[in-house]
Amino acid sequence: MHQQTHDVSTPVDLTQHEIKALRTKYNLADAHTHQRQSPTQDKIVANLPELWYESEENLQKSMEKRFTDAFFTLHGQPTAAALDKTLLSYSASVSTMVVAMYMAQRDIAVSLVEPCFDNLADLLKHMGIEVSSLPEEDLADPDAIYRRLGKVRTGALYLVDPNNPTGFSLLKDGRRGFEEVVRWCKDTGTLLVIDFCFAAFALCDDRFDRFDVYELLEESGVTYMAIEDTGKTWPVQDAKCAMITVSEDIREAVYNIHTAVLLNVSPFVLNMLAQYVEDSIEDGFASVRDVISRNRTVAARYLDGTILEHVEPVVNTSVAWFRITDEEITATRLQALLLEHEVYVLPGTYFYWDEPGRGERYIRIALARQPETFAAALRLIREVLSDHVR
C-alpha cells in the first residue's frame, strides 16, 4: 500500500524556516543563543555534576524560588518576586498556549501587534481565537496611544516588548508609554497580554532603565498576563524556562489551565539557569551584551552601502532588522539567493502575519552567534550582494 508523505520542502511559517536553517552552514535565522560560553559560564558547565546532585537534595519549591528570585532581581522587578505567584514552564510557547487557552475558554478576541514573530498569531488562531492586527506605529507616540487604541474592538490586547523583530519598546518614553496602554486597558476592561521574552536586552542597553513594570500593573488594577523567558538570553542549548504572571482576578482560572498543561520544570534546569542569571548579575550582563553589540556593529559595517539598510532599534535586542532599499528586490528573492550560498536569514513576510506584502521590504538577521562565525557570514552576504544584486 502506497503511503502518502507530506511535502515540507516549502516552509509555511518562521519556525519551519528556522528548522531548515539549523542544517545550514551559516544559520542567522533563529534568535536562540548559539554563541560560546564566557569564562565564568565555562565554570558553570564544569560544575554541572555538582548542580545535578544539589538539585536532587532540594525541594522543587526551593529550586523554583531561587530561580525566580534571581531572575526578577536581575530584571529589576521586585514586585513580581514578592508576589510569588509566577508559574513556570519549559518554553515561551507553552506559556503562550496557556494564555490562548484562557482566551479560548472565554471566547475573547485579541488585537496582536504587527509585525511580530508569526507563531504568536498562528498559535492563537490554532486555538480558534479571532486575531486582529495592531500596527506597531500606533504605539510610537505616548500622547496618541490612548486615542489610537480607541479603534481596538477586541477583548484583549497583545504586545511584545521589546518587539521581535524591530526592537521597538514602550521604554523609549520611560513609564509613559506603558502607563497609557495600561490606563486604556483598565478603562475599557481589556485584558492586557505582554510578551517580555526579549526584555533582558533592555537591561543590556545603557539608554534604558527598566522600571518595576509589575508594580505598575498591580497598582493599576488592570487584568493582565505577562510572559517572560530565558531562551533568548543565555547560551544553554535550549535548556530554558518561561514564566507567566497574571493579575489576581484571573489567577485561579489561569492556574487551573496551567496545571492541565504540566507539573513542573526540571529542578536541575532551574538550578543551572539560576547560575547563569546570577552570573549575569555579577558581570552586569557583559557576557550577553558584548556579543550582541559586537555582532550588530559588524553587521551594520559590512552591509553599509549595500541594498540592506540597518533599521535602528529602540532596544538593541539579539536580532537586527534590515530594510531592502532596492524596490525590485523582495525579501523572498533575497533570502533564496543567500541560501544558495549557505547563509540563512529570515524574510520579513512572515513577521507581517496579517499583511505579508509589507514584509517583502525587510529581512531579519540573528545576532546571538559566535563572533568569528558571524563575521564570516556577513562578509559572504556582502559578496553575494555585490556580485548578484544590481
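Refer to the structure printed above.
Because the structure is a prediction, the values reported are computed rather than measured. (Residues numbered from 1 in each chain as written. Predicted model: local features only at pLDDT ≥ 70, side-chain atom pairs only at ≥ 80, totals over all residues. Heavy atoms only, no water.)

Asker: Tell me about the overall build of the chain, residues and numbers included.
Answerer: Of regular secondary structure, the chain possesses 16 helices and 13 strands. Each principal axis of the C-alpha distribution contributes one length, and for the chain these read about 65 × 60 × 55 Å. Contacts in the chain between residues at least 24 apart in sequence constitute 76% of all its contacts with a sequence separation of at least 6. Accessible surface computed for the chain: about 16,900 Å², of which carbon and sulfur atoms make up 49%. Side-chain charges of the chain comprise 38 positive and 60 negative groups, with the mean position of each set lying 3 Å from the other. (Helix = DSSP H or I, 4+ residues; strand = E, 2+ residues; numbered from the N terminus. Contact = heavy atoms within 4.5 Å. Areas by Shrake-Rupley, 256 points an atom, 1.4 Å probe, with all protein chains shown as cover. Lys, Arg positive; Asp, Glu negative; His and termini not counted. Charge placed at Lys NZ, Arg CZ, Asp CG, Glu CD.)

Asker: Tell me about empty space enclosed by the protein, and name the residues and values.
Answerer: A water-sized probe rolled over the atoms picks out the places where empty space is left. Scanning all chains against the criterion turns up one cavity of 30 Å³ or more. The volume enclosed by the largest cavity comes to roughly 40 Å³. Every residue lining the largest cavity is listed: Val113, Glu136, Leu139, Leu159, Val160, Asp161, Phe168 and Leu170. (1 Å grid on protein atoms, 1.4 Å probe; cavity = no way out; pocket = protein on both sides within 12 Å on 5 of 7 lines; lining within 4 Å. Points joined across faces, edges and corners; volume = space filled by probe spheres on them.)

Asker: Mind laying out the side chain of aspartate 138, listing which residues take part and the relevant values?
Answerer: Among the secondary structure elements, aspartate 138 is positioned in the loop between strand E4 (131-135) and helix H8 (145-148). At 2.5 Å, the side chain of aspartate 138 forms a polar contact with the side chain of lysine 151. If we ignore the near neighbours within four places in the chain, the residues touching aspartate 138 are Ile145, Arg148 and Lys151. (Polar contact = N/O pair within 3.5 Å; in protein donor to acceptor, adjacent residues only side chain to side chain.)

Asker: Lay out the pairing of strand E13 (residues 362-366) in plain terms, naming residues and giving numbers.
Answerer: Here is the key point about a regular strand: its side chains alternate between the two faces of the sheet. Across the five residues that make up E13, a large majority, five, are buried. Here E13 shows no split at all, with Tyr362, Arg364 and Ala366 on one side and Ile363 and Ile365 on the other all buried. In terms of strand pairing, strand E10 (residues 319-324) meets E13 through five bridges, oriented antiparallel. Following the sheet pairing, arginine 323 is matched in E13 by tyrosine 362. Where strand E12 (residues 346-347) meets E13, two bridges bridge the pair, whose relative direction is antiparallel. When the sheet's bridge partners are listed, proline 347 is paired in E13 with isoleucine 363. (Buried < 20%, exposed > 50% of the residue type's maximum accessible area, 1.4 Å probe, protein only. Pairing = 2+ DSSP bridges.)

Asker: Hey, could you go over unusual backbone geometry for me, with residue numbers and the actual values?
Answerer: For the peptide bond that leads from glutamate 114 to proline 115, omega is 5°, which places it in the cis range. Here aspartate 161 and proline 162 are connected by a cis peptide whose omega angle stands at -5°. Looking at the element boundaries, proline 162 is found in the loop between strand E5 (156-160) and helix H9 (176-188). Of note, the phi angle at aspartate 107 is positive, near 55°, even though the residue is not glycine. For aspartate 107, the position within the fold is in the loop between helix H6 (92-105) and strand E3 (110-114). Owing to a relative accessible area of 68%, aspartate 107 belongs among the exposed residues under this scheme. Notably, glutamine 237 is not glycine yet its phi reads approximately 50°, a positive angle. Along the chain, glutamine 237 turns up in the loop between strand E7 (224-229) and strand E8 (242-246).

Asker: Before we move on, can you summarise the packing of aromatic side chains with the specific residues and values?
Answerer: Scanning the entire structure with this criterion turns up 14 aromatic pairs. Here the aromatic rings of phenylalanine 198 and phenylalanine 201 are separated by 6.0 Å at their centres, their planes lie at 40°, and the arrangement is tilted. Accessibility classification places phenylalanine 198 together with phenylalanine 201 in one group, the buried group. Lying over the aromatic face of phenylalanine 196, arginine 210 brings its terminal NZ or CZ to 4.7 Å of the ring centre. Above the face of the tyrosine 302 ring, arginine 301 is positioned so that its terminal group lies 5.3 Å from the ring centre. (Phe/Tyr/Trp six-rings, centres within 6.5 Å; stacked < 30°, edge-to-face > 60°. Lys NZ or Arg CZ within 6 Å of the ring centre and 35° of its normal.)

Asker: Report on the packing of helix H2 (residues 39-46) against helix H3 (residues 48-57), specifying residues and quantitative values.
Answerer: H3 packs onto H2 with a crossing angle of 55° between their chain directions and a minimal axis gap of 5 Å. It follows that H2 is oblique to H3 by the angle criterion. Mapping the contact onto sequence places Ile44, Val45 and Ala46 in H2 and Leu48, Pro49 and Leu51 in H3. (Axes fitted to C-alpha atoms, helices over the stretch in contact; angles between N-to-C directions. Parallel < 35°, antiparallel > 145°, perpendicular 65-115°, else oblique.)

Asker: Which residues make up the sheet that holds E12, and what are the values?
Answerer: Across the sheet, four strands lie side by side as E9-E10-E13-E12; this open sheet has antiparallel pairing. A single partner strand is all that each edge strand has here, and the edge strands are strand E9 (308-310) and E12.

Asker: Which residues make up the sheet that holds E7, and what are the values?
Answerer: As summarised here, the arrangement of the seven strands in space is E2-E8-E7-E6-E5-E3-E4, forming an open sheet in which the pairing is mixed. One side of each edge strand has no neighbouring strand; the edge strands of this open sheet are strand E2 (87-89) and E4. Recorded for the sheet is a direction-independent mean angle of 20° between the axes of neighbouring strands. Relative to E3, helix H7 (residues 118-126) is tilted by about 160°, and along the sheet it contacts E3, E4, E5 and strand E6 (191-195).

Asker: Kindly report on the environment of glycine 177, identifying the contributing residues and their values.
Answerer: Position of glycine 177 relative to the elements: it lies in helix H9. Glycine 177 gets classed as buried once you look at its relative accessible area, which sits at 0%. Sequence separation between glycine 177 and lysine 240 is 63 residues; the distance between their C-alpha atoms is 30 Å.

Asker: Now, about the nonpolar core: what can you tell me, with residues and values included?
Answerer: Phe67, Met103, Val181, Leu192, Met225 and Ile381 are the most contacted members of the largest nonpolar core, which totals 127 residues. Per element, the largest residue contribution to this core is nine residues, and it comes from helix H16 (residues 371-388). If we skip the residues at most four places from it in the chain, valine 181 touches Leu139, Ile145, Leu149, Leu157, Leu159, Leu170 and Leu192. Of all hydrophobic cores here, the second largest spans eleven residues; its members include Ala21, Val311, Leu346 and Phe351. (Core = buried A, V, L, I, M, F, W, Y, C linked by side-chain atoms within 4.5 Å.)

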